[in-house]
Amino acid sequence: GQSLEQPSEVTAVEGAIVQINCTYQTSGFYGLSWYQQHDGGAPTFLSYNALDGLEETGRFSSFLSRSDSYGYLLLQELQMKDSASYFCAVRGGGATNKLIFGTGTLLAVQP
Amino acid sequence: DVKVTQSSRYLVKRTGEKVFLECVQDMDHENMFWYRQDPGLGLRLIYFSYDVKMKEKGDIPEGYSVSREKKERFSLILESASTNQTSMYLCASSKNTGELFFGEGSRLTVL
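The following refers to the structure shown. (Residues numbered from 1 in each chain as written. Chains lettered and ligands numbered in written order. Predicted model: local features only at pLDDT ≥ 70, side-chain atom pairs only at ≥ 80, totals over all residues. Heavy atoms only, no water.)

## Observations regarding the interface of chain A and chain B
As a measure of interface size, the accessible area lost when the parts come together is often cited. Rules: The contact rule is simple, with two residues in contact once any of their heavy atoms fall within 4.5 Å. For any pair of parts, buried area is found by adding up, for both, the accessible area (1.4 Å probe) each one loses once the two are put together. Basic side-chain nitrogens of Lys or Arg form a salt bridge, by our definition, when they fall within 4 Å of a carboxyl oxygen of Asp or Glu. We define a polar contact as two N or O atoms separated by no more than 3.5 Å, with the added condition that, inside protein, one atom must be a possible hydrogen donor and the other a possible acceptor, whereas residues neighbouring each other in sequence contribute only through side-chain atom pairs. Three classes are used, and their members are as follows: Ala, Val, Leu, Ile, Met, Phe, Trp, Tyr, Cys and Pro are nonpolar, Asp, Glu, Lys and Arg are charged, and the others, Gly among them, are polar.
Across the boundary between the two partners, chain A contributes 18 residues, which contact 21 residues of chain B. Summed over both partners, the interface of chain A with chain B buries about 1600 Å², with 58% contributed by carbon and sulfur atoms. Considering only the side of chain A, the residues that lose the most area to chain B are N97(A), L99(A) and F101(A), jointly responsible for 31% of the buried surface there. Inspection of the chain A/chain B interface yields 0 salt bridges. At the boundary of chain A and chain B, one finds 5 residue pairs in polar contact (both at pLDDT 80 or more). Each residue belonging to the side of chain A that touches chain B can be placed in one class, and the counts come to 10 nonpolar, 6 polar and 2 charged.

## Some details on the sheet that holds strand 3 (residues 18-25) of chain A
Residues and elements named next belong to chain A. Note the threshold: Strands are labelled as partners when DSSP assigns at least two bridges between them. Only DSSP runs of H or I with at least four residues qualify as helices, and only runs of E with at least two residues qualify as strands; both kinds are numbered from the N terminus onward. Note on geometry: axes are C-alpha line fits, over the in-contact stretch for helices, and angles between N-to-C directions span 0 to 180 degrees.
Read from one edge of the open sheet, 5 strands run 1-3-8-7-6, paired in antiparallel fashion. Here the strands that pair on one side only, and so sit at the sheet edges, are strand 1 (3-5) and strand 6 (53-57). Put simply, the sheet's adjacent strands are angled 15 degrees from each other on average, direction ignored. Taken together, the 6 bridges between strand 3 and strand 8 (residues 70-75) define a ladder with antiparallel strand orientation. Within the sheet, the bridge partner assigned to V18 lies in strand 8 and is L75.

## Concerning the state of the cysteines
Two cysteines whose sulfur atoms are joined by a covalent bond form what is called a disulfide. Definition in use: The definition used for a disulfide is geometric: two cysteine sulfur atoms within 2.5 Å. Any residue under 20% of the maximum accessible area for its type is buried, any over 50% is exposed, and the rest in between are partly exposed; the area is computed with a 1.4 Å probe on protein chains only.
According to the stated counting rule, one finds 2 disulfides over all chains in the structure shown. Linked covalently through their sulfurs, C22(A) and C88(A) form a disulfide whose S-S length is 2.1 Å. Its S-S torsion of about 75 degrees marks the bond between C22(A) and C88(A) as right-handed, since a negative value means left-handed. Remark: C88(A) occurs in strand 9 (residues 84-92) and C22(A) occurs in strand 3; sequence separation between them is 66 residues. Both residues of the pair, C22(A) and C88(A), belong to the buried class. The residue that forms a disulfide with C23(B) is C91(B), at a sulfur-sulfur distance of 1.9 Å. For the disulfide bridge between C23(B) and C91(B), the dihedral angle about the S-S bond is near -80 degrees, and by the sign convention the bridge is left-handed. Separated by 68 residues along the polypeptide, C23(B) in strand 3 (residues 19-25) and C91(B) in strand 9 (residues 87-94) bring together distant segments of the chain.

In structure tokens form, the structure reads like this:
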């Protein structure tokens, strides 16, 4: 089978740093993606890691360790607009272009 | 900009009706996907397609079928709608990467 695990909720204050972890178990792995979804909106792509290490895009960074089947999304200098759900997604699961999503982490940023 | 368009934002159908959800993308992407999103369950993959007339089952294909007669169009069909298919349906497309582009979603209510 295949599964992804991430915390259901995280709360942080403006200006802080928060890390959202994702562990996965899947047959075949090509990469780990992260998506952001605001309430009532569609998911939007944040990052994709195919290789081990840290990828940085502005205030957001994403990390992957394939040997540990683990990744995380790091959000720095949190802003109120970062309040949203964040999903990790594994590309793999028996097909190169299949993406399986986790159940999502609801991030609440408080003033 | 990539555009993924879903034909209906809101639909209300009766149990037993046949339902068609249409999705069109304008970026010549090979891959197209149908997910459903329910609170607490994240995005669950119903079907995906990696080429015209090709389809693969996702994690929850029961009760659904799909059609991809043209590269830009991917249709989801509920042969006989049931109340447990009340959900938000999200279409997405991608090149051969971990980046999906989502439509705005179709909220289906089955009475």
